Structure formats: structure tokens, C-alpha cells
Amino acid sequence: QQQVKQSPQSLIVQKGGISIINCAYENTAFDYFPWYQQFPGKGPALLIAIRPDVSEKKEGRFTISFNKSAKQFSLHIMDSQPGDSATYFCAASKGNYKLTFGKGTLLTVNP
Amino acid sequence: DGGITQSPKYLFRKEGQNVTLSCEQNLNHDAMYWYRQDPGQGLRLIYYSQIVNDFQKGDIAEGYSVSREKKESFPLTVTSAQKNPTAFYLCASGTVQETQYFGPGTRLLVL
């Protein structure tokens, strides 16, 4: 049973556009929601994370929107750049232990 | 990649052979994790350890074994019982206060 569903599987955006990746979770005990960015052949790197006491968190061009009642959260990448082309994973956990990951979104930003 | 090292970068396994993947961290993190990554499958948890000399099975532990004799080290053995070992293996560490940080990964291939 997949506890974190991520969509879309792949996304193509033009340079300067907005990239939006969505995730939905089932376990209401989850209280930590990070996003990771992974380049080919590398380990994932933490991009941004949110806890359910806030509905939005912004760091530079990256924003997490969180909807507790809908059990959904999303990543918005503003002014997308070719260097943002990577695979993005959402995850969820109770506390910081045992992250459950979505299956990933391959983002391609065309120049 | 922070203070997490994984070796080797590439590993080749022969039929019926056990192989061990190394993971070391100098971040003073209590918890360490092993994930397996397959194309389109996201990251799946193999084993995790919250303290020295203690570890728990994750979602796909069959065919794998671990030890945690030192806080800094969490080696993963892929045994001959794992019939489909070809994958990218990722080690991570973290604490209750901090998110998980990933190593650079080891790619395991079967000869």
C-alpha cells in the first residue's frame, strides 16, 4: 500500500515557467513533509520541508503549499531554470524517522 | 553529500555471492538508514537503526542484513537470498531534530 502518492511522473516546463508537483498522503499521523532533489547518479538532497502547523513555506524560488484537511502538499518552483532539471521526491514521516517516499517526478526545464 | 560516505561507488556481485556495502557518517547522527532505489519505484526502506546495537526491518528487508556496532557505521550486506539485487543503494543518517541526509550511493550490478 503506497502511503504517499506523487504526480505527475514527469513534467516538462519552459525556462521561466512554474513547475508544480503534487503529493497526497494517507496516514494522518504524518507530521513532517520534506522534498528532495536528485540529480542522475547522485544521492537525494533536501530541498525544503514543512510541518503541518503552517500552510506554506518559501525558500527562494521553492515553495511548499500544505493542505492538512485534504492531506495534500505540493512543491512550486518559480522561474524554473534548466539547472532545476532533476528528479524530485516528496516524503512524509511521523517525526523525522522512517520517511515514506513518493515515486518521484522527473522534471525537465527546456531552455 | 554532507558527512556521509558510501563505498564502493560501483559493486559487482557474482551469483551466490554475499556483498557488503559500506556507509560511514561523521555527523554524530543517532539514526541511520538504507534505501534501495529502482527506476520508477522511488526509494524503499530496507533497514534502519535508531541507536547503536539496534536495528529494525524496513519495507523490503528480505535478502539483506545489517549491523550497527558503531554510531558512525551502518554496513549493509546483500546476501545470495536477494534474487534481484541490481539497484542503486542509498544510505542516510539523521536525528529527531534534523531531516535525513543522504550519501552519494552505491550502484550494485550482477555479473
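Summarised in this report is the structure supplied together with it.

About the cut-offs
- Residues numbered from 1 in each chain as written.
- Chains lettered and ligands numbered in written order.
- Predicted model: local features only at pLDDT ≥ 70, side-chain atom pairs only at ≥ 80, totals over all residues.
- Heavy atoms only, no water.
- Helix = DSSP H or I, 4+ residues; strand = E, 2+ residues; numbered from the N terminus.
- Rg over C-alpha atoms; globule rule 2.2 N^0.38 Å.
- Buried < 20%, exposed > 50% of the residue type's maximum accessible area, 1.4 Å probe, protein only.
- Contact = heavy atoms within 4.5 Å.
- Areas by Shrake-Rupley, 256 points an atom, 1.4 Å probe, with all protein chains shown as cover.
- Core = buried A, V, L, I, M, F, W, Y, C linked by side-chain atoms within 4.5 Å.
- Disulfide = S-S within 2.5 Å.
- Buried area = accessible area lost by both parts, 1.4 Å probe.
- Salt bridge = Lys/Arg side-chain N within 4 Å of Asp/Glu carboxyl O.
- Polar contact = N/O pair within 3.5 Å; in protein donor to acceptor, adjacent residues only side chain to side chain.
- Nonpolar A, V, L, I, M, F, W, Y, C, P; charged D, E, K, R; others polar.

## Describing the overall build of chain A
- A count of helical and extended segments in chain A gives zero helices and eleven strands.
- Listed N to C, the secondary structure of chain A is β-β-β-β-β-β-β-β-β-β-β in terms of helices and strands.
- The C-alpha radius of gyration computed for chain A amounts to 13 Å, which stays within 12% of the reference 13 Å derived for 111 residues, consistent with globular compactness.
- Overall, chain A is about 40 × 30 × 20 Å in size when its C-alpha atoms are taken along their principal axes.
- Scored against the burial criterion, the 111 residues of chain A give a buried share of 44%.
- Considering only intrachain contacts with a sequence separation of at least 6, the fraction spanning at least 24 residues in chain A is 53%.
- Surface exposure of chain A reaches about 5300 Å², of which carbon and sulfur atoms provide 50%.

## With respect to unusual backbone geometry
- Going from S7(A) to P8(A), the amide bond is cis rather than trans, its omega being -5°.
- Structurally, the position occupied by P8(A) is in the loop between β1 (4-7) and β2 (10-14).
- Cis rather than trans, the peptide bond between S7(B) and P8(B) has omega equal to -5°.
- Examined against the element boundaries, P8(B) turns out to sit in the loop between β1 (4-7) and β2 (10-13).
- Positive phi, normally seen in glycine, also occurs at D79(A), with a value near 45°.
- On the secondary structure map, D79(A) appears in the loop between β8 (72-77) and β9 (86-92).

## A few points about the nonpolar core
- Membership of the largest hydrophobic core comes to 24 residues, with the highest contact counts inside it found for F33(A), W35(A), F73(A), L75(A) and Y88(A).
- For this core, the elements supplying multiple residues, two or more each, are β2, β3 (19-25), β4 (33-38), β5 (45-50), β7 (62-67), β8, β9 and β11 (105-110) of chain A.
- Beyond its immediate chain neighbours, meaning those up to four positions away, Y88(A) contacts Q6(A), I21(A), Y36(A), Q37(A), L47(A), L75(A), I77(A), G104(A), T105(A) and L107(A).
- Of all hydrophobic cores here, the second largest spans 19 residues; its members include V19(B), C23(B), M32(B) and Y89(B).

## A closer look at the state of the cysteines
- Counted under the stated rule, the structure contains two disulfides over all chains.
- Between the sulfur atoms of C23(A) and its disulfide mate C90(A) the distance is 1.8 Å. Across the S-S bond of C23(A) and C90(A) the torsion is about -95°, and the bridge reads as left-handed. Within this pair, whereas C23(A) is found in strand β3, its partner C90(A) is found in strand β9, the two being separated by 67 residues in sequence. The two residues C23(A) and C90(A) agree in class, both being buried.
- Disulfide pairing is shown between C23(B) and C91(B); the S-S distance is 1.8 Å. Because the torsion about its S-S bond is -75°, the bridge between C23(B) and C91(B) counts as left-handed. Residue C23(B) is located in strand β3 (residues 19-25), and its partner C91(B) is located in strand β9 (residues 87-94); the two are separated by 68 residues in the primary sequence. We note that C23(B), like C91(B), is buried.

## Observations concerning the interface of chain A and chain B
- Of the residues lining the interface, 17 residues belong to chain A; the matching set on chain B comes to 22 residues.
- Of the roughly 1700 Å² buried where chain A meets chain B, counting both sides, 55% is carbon and sulfur surface.
- Taken together, the links from chain A to chain B amount to zero salt bridges.
- Here chain A and chain B share four residue pairs in polar contact (both at pLDDT 80 or more) between them.
- In terms of residues, the side of chain A that touches chain B owes the most to one element, β4(A), which gives three residues.
- Within the side of chain A that touches chain B, the residues separate by chemical class into nine nonpolar, five polar and three charged.

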